[in-house]
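Observations on the three-dimensional arrangement
Below are the chains, spelled out letter by letter.
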Number of protein chains: 2
Amino acid sequence: MALEHAILVSLAERTASGYDLTRRFDKSIGYFWRASHQQIYKVLGRMEADGLVSSKAVPQQGRPDKKIYAITEDGRATLLAWSREPTSMEPLRSAFAVKVRGLPYGDRDAVLADVRRRREQHLATLAFYREDEAHTFGDPAALDSAQTAQYAVLRGGILLEEAGLAWCEEILALLSDPSARPDGSATP
Amino acid sequence: MALEHAILVSLAERTASGYDLTRRFDKSIGYFWRASHQQIYKVLGRMEADGLVSSKAVPQQGRPDKKIYAITEDGRATLLAWSREPTSMEPLRSAFAVKVRGLPYGDRDAVLADVRRRREQHLATLAFYREDEAHTFGDPAALDSAQTAQYAVLRGGILLEEAGLAWCEEILALLSDPSARPDGSATP
DNA sequence: TATTACATGTAACGCGTTACATGATTCG
DNA sequence: CGAATCATGTAACGCGTTACATGTAATA
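Calculation notes
- Residues numbered from 1 in each chain as written.
- Chains lettered and ligands numbered in written order.
- Predicted model: local features only at pLDDT ≥ 70, side-chain atom pairs only at ≥ 80, totals over all residues.
- Heavy atoms only, no water.
- Axes fitted to C-alpha atoms, helices over the stretch in contact; angles between N-to-C directions.
- Helix = DSSP H or I, 4+ residues; strand = E, 2+ residues; numbered from the N terminus.
- Parallel < 35°, antiparallel > 145°, perpendicular 65-115°, else oblique.
- Left-handed = near helix turned anticlockwise from the far one by under 90°.
- Nonpolar A, V, L, I, M, F, W, Y, C, P; charged D, E, K, R; others polar.
- Domains from an automatic or database assignment.
- Near = heavy atom within 4 Å.
- Polar contact = N/O pair within 3.5 Å; in protein donor to acceptor, adjacent residues only side chain to side chain.
- Phe/Tyr/Trp six-rings, centres within 6.5 Å; stacked < 30°, edge-to-face > 60°.
- Buried < 20%, exposed > 50% of the residue type's maximum accessible area, 1.4 Å probe, protein only.
- Lys NZ or Arg CZ within 6 Å of the ring centre and 35° of its normal.
- Salt bridge = Lys/Arg side-chain N within 4 Å of Asp/Glu carboxyl O.

**A word on the packing of helix H7 (residues 145-175) of chain A against helix H7 (residues 145-175) of chain B**
The geometry of H7 of chain A relative to H7 of chain B is characterised by a closest axis approach of 9 Å and an angle of 160 degrees between their N-to-C directions. Considering the angle they form, H7 of chain A stands roughly antiparallel to H7 of chain B. Viewed along their axes, H7 of chain A and H7 of chain B form a crossing whose handedness is right-handed. Looking at the contact of H7 of chain A with H7 of chain B, its residues break down into 22 nonpolar, four polar and four charged.

Encoded structure:
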């Protein structure tokens, strides 16, 4: 049900077409919640039927019509009611964790290569987030309430990436058996 | 597709009934991958049809028959091949992040209460993991390869919980506006 | 007496991914 | 000439949750 709420938050900020929402979900909100255009169109259709959003067709030249969606009063009320429900703690659900756990039944070198690849990925994402942090939220004390909320979410992304990075490094330290190295310099 | 692989890893360690697997998914592997018994039975049925596992019915007294599943050669080969594929970086998909992002459109006090509740949850889970760490993996240098893999996964859980905890604390620091406190002791 | 453990499933429904489908405009 | 951008969808399929269904035995 959370894609619905993510869309409501996005439309509460400003109106958008399905296409616009798709692009928004490629950044900002989408750093932490992905959704394809197919899914967004499907959910928008249901949300309009439920009265949470309304749409207005906007004819265009040489392009298909745009359908601009806006949040309704019902939509805002739904968002407020949702904010009062406690969120459940979603478990990891990580295929990577399963692979690490199953290391004795897999290809050790291939899995370690995957760990290194993921480490680089975390580093790249972190660099990206940190630039956003410095650029957009340079002075946290000067932010208004909407910006503070955005910044809090970005901080979550940074902390998660840092944890993922640290995990990769611990795995490499634990599993890169020194006695298996060519130089044979095993720890005592 | 990862539940399939989680089951294969579990059965590679030792045979089990669907019921046994359900309980295993409540701890160990299941600290990081949840699955209900309904889902496990469904997937086991398909996996048997695909030849990844085989089953043997074991009659019991005063209880329904047990179906003991074992991994097949095909299943082991599938697991090995899977270990060679790189894992994709799954995005957060966190309803909590959406809620924090949408704070200006929600009930501020209710959301902050939820943050505090989650903080306590992270603390409780961390305490649980840390006891497991001290109890089962007290001396990391003395672990065999299977135990080392298990320990690496537990470390991931600990790092993630620590990140979640730190996030909650940052959110509270960012959003608990001092000027809104009854004593009015705002920071300069 | 009620709940927990043991043991296996079916059915309905929503969420999410991948593939398919169409068609104009603009940039390299 | 091909790729990207703009713009909207359908169809098929797998994953995951919730509710429903059945029945015994031990424990509190």
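**Some remarks on the domain arrangement of chain A**
It is common to give the size of an interface as the accessible area lost on bringing the parts into contact. In terms of domain boundaries, chain A breaks down into domain 1 (1-83) and domain 2 (95-176). Placing the centre of domain 1 of chain A and that of domain 2 of chain A at their C-alpha centroids yields a distance of 28 Å.

**Description of the protein's contact with DNA strand D**
Residues in close proximity to DNA strand D total 24 residues, the closest being Tyr41, Gln60 and Arg93 of chain A together with Gln39 and Arg46 of chain B. Between DNA strand D and Tyr19 of chain A there is a distance of 2.9 Å, counted from a phosphate oxygen to a backbone nitrogen or oxygen. Separating a phosphate oxygen of DNA strand D from a side-chain N or O atom of Arg46 of chain B is a distance of 2.6 Å. Of all the secondary-structure elements, those providing two or more residues to the surface near DNA strand D are helix H2 (18-24), helix H3 (37-49) and strand S2 (66-71) of chain A together with helix H3 (37-49) of chain B. Ranked by residue count, the leading element in the surface near DNA strand D is H3 of chain B, at four residues. Residues of the surface near DNA strand D, tallied by class, amount to seven nonpolar, nine polar and eight charged.

**Section: the packing of aromatic side chains**
In the structure shown here, the tally under the stated rule is 14 aromatic pairs over all chains. Where Phe96 of chain A meets Trp167 of chain A, the ring centres are 5.3 Å apart and the plane angle is 75 degrees; that geometry is what we call edge-to-face. Here Phe96 of chain A, found in helix H5 (residues 95-101), pairs with Trp167 of chain A, found in helix H7; they are 71 residues apart in sequence, far enough to count as distant. The class of Trp167 of chain A is buried, set by a relative accessible area of 6%. On the basis of an interplanar angle of 45 degrees and a centroid distance of 5.7 Å, the ring pair of Phe32 of chain B and Tyr129 of chain B is categorised as tilted. In this pair, Phe32 of chain B sits in the loop between helix H2 (18-24) and H3 while Tyr129 of chain B sits in helix H6 (residues 108-136), placing the two residues 97 residues apart along the sequence. Chaining the aromatic ring pairs together yields one cluster made of Tyr31, Phe32, Phe128 and Tyr129 of chain A. The ring of Trp82 of chain B has Lys99 of chain A lying over it, and the distance from NZ or CZ to the ring centre is 4.8 Å. Across from the ring centre of Trp33 of chain A, 5.8 Å away, lies the NZ or CZ of Arg93 of chain B, which sits over that ring.

**A short note on the protein's contact with DNA strand C**
Around DNA strand C, 24 residues are found, and the nearest of them are Gln39 and Arg46 of chain A together with Tyr41, Gln60 and Arg93 of chain B. Sugar and phosphate atoms represent 66% of those atoms of DNA strand C found within 4 Å of the protein. A distance of 2.9 Å separates a phosphate oxygen of DNA strand C from a polar atom in the backbone of Tyr19 of chain B. Sorting the residues of the surface near DNA strand C by element identifies H3 of chain A together with H2, H3 and strand S2 (66-71) of chain B as the ones contributing at least two each. The element best represented in the surface near DNA strand C is H3 of chain A, accounting for four residues.

**Some details on the pattern of salt bridges**
Counted according to the given criterion, the structure contains 20 salt bridges over all chains. A salt bridge links Arg34 of chain A to Asp26 of chain A; the nearest nitrogen and oxygen atoms lie 3.4 Å apart. For Arg34 of chain A, a relative accessible area of 37% gives the class partly exposed. Judged by relative accessible area, Asp26 of chain A falls into the partly exposed class, the value being 45%. The salt bridge partner of Arg46 of chain B is Glu4 of chain B, with a shortest N-O separation of 2.5 Å.

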